[in-house]
Amino acid sequence: MKNKLVLIFAVALIFGATSLVLYQQKKQEAHPQTGKAAQIRFGAQVFSQNCASCHGKGAVGENSQFIKGGAKIGGGYWAPALNGTAHAWHHPPEMLWEIVKFGSMAQDSPMRGFKGKLSDQEMNAA
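Structure report, in brief. (Residues numbered from 1 in each chain as written. Predicted model: local features only at pLDDT ≥ 70, side-chain atom pairs only at ≥ 80, totals over all residues. Heavy atoms only, no water.)

Now for the overall build of the chain. Each helix and strand in the chain was counted, giving 5 helices and 2 strands. Secondary structure of the chain in N-to-C order comes out as α-α-α-β-β-α-α. Relative to all contacts within the chain whose residues are 6 or more apart in sequence, the contacts with residues 24 or more apart total 30%. Entry remark: accessible area of the chain is about 9,800 Å², with carbon and sulfur atoms responsible for 63%. (Helix = DSSP H or I, 4+ residues; strand = E, 2+ residues; numbered from the N terminus. Contact = heavy atoms within 4.5 Å. Areas by Shrake-Rupley, 256 points an atom, 1.4 Å probe, with all protein chains shown as cover.)

Before going further, it helps to examine the side chain of K101. Within the element layout of this structure, K101 appears in helix α4 (residues 93-102). The class for K101 is buried, based on a relative accessible area of 16%. If sequence neighbours within four positions are ignored, K101 has contacts with G113, F114, K115, D120 and M123. (Buried < 20%, exposed > 50% of the residue type's maximum accessible area, 1.4 Å probe, protein only.)

Before going further, it helps to examine the pattern of salt bridges. Overall, the coordinates contain 2 salt bridges when judged by the stated rule. K72 serves as the salt-bridge partner of E62, at 3.1 Å between the closest nitrogen and oxygen. Taken together, the residues span a long stretch of sequence, with E62 in the loop between α3 (52-55) and β1 (70-71) and K72 in the loop between β1 and β2 (77-78) at a distance of 10 residues. With a closest N to O distance of 3.1 Å, K101 and D120 form a salt bridge. One end of the pair, K101, is in helix α4; the other, D120, is in helix α5 (residues 120-125), with 19 residues separating them in the sequence. The exposure class of D120 is partly exposed, given its relative accessible area of 37%. (Salt bridge = Lys/Arg side-chain N within 4 Å of Asp/Glu carboxyl O.)

Right, let's get into the environment of H87. Tracing the sequence through the fold places H87 in the loop between β2 and α4. Judged by relative accessible area, which is 27%, H87 ranks as partly exposed. Along the primary structure H87 and G69 are separated by 18 residues, whereas in three dimensions their C-alpha atoms are 8.5 Å apart. Once residues lying within four places of it in the same chain are set aside, the contact partners of H87 are K68 and P80. At 3.0 Å, the side chain of H87 and the backbone oxygen of K68 are in polar contact. (Polar contact = N/O pair within 3.5 Å; in protein donor to acceptor, adjacent residues only side chain to side chain.)

This next bit is on the side chain of S109. With respect to the helices and strands, the residue S109 is situated in the loop between α4 and α5. Those residues within four positions of S109 in sequence are excluded, and the remaining contacts are Y77 and S104.

If you want it as structure tokens, here you go:
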């Protein structure tokens, strides 16, 4: 009797685990990752067309010696890297959003806002 219960329990466990795996596979097929891939492509395109000229292809910054940005000798500022190697990640997302949308608070910064040039969706994507 004890062996029958163990066997029934094992079969039920295998059936349950198999059902869960099949459910997850079906769920992934119903919601493929193409949405994320399309979103990444869209963001890369927006960045390439609007941001890369200053922040560099691959978001490496305007000058490899000043990846954190900083003041230029003749005035203005180096565009910082945005790929996680500089300082942008120190700032809360809300602050970065304000800078992208409305521009830098520093009057001699070339970072002017994209309000009216890009939609909120495009700014979020980049």
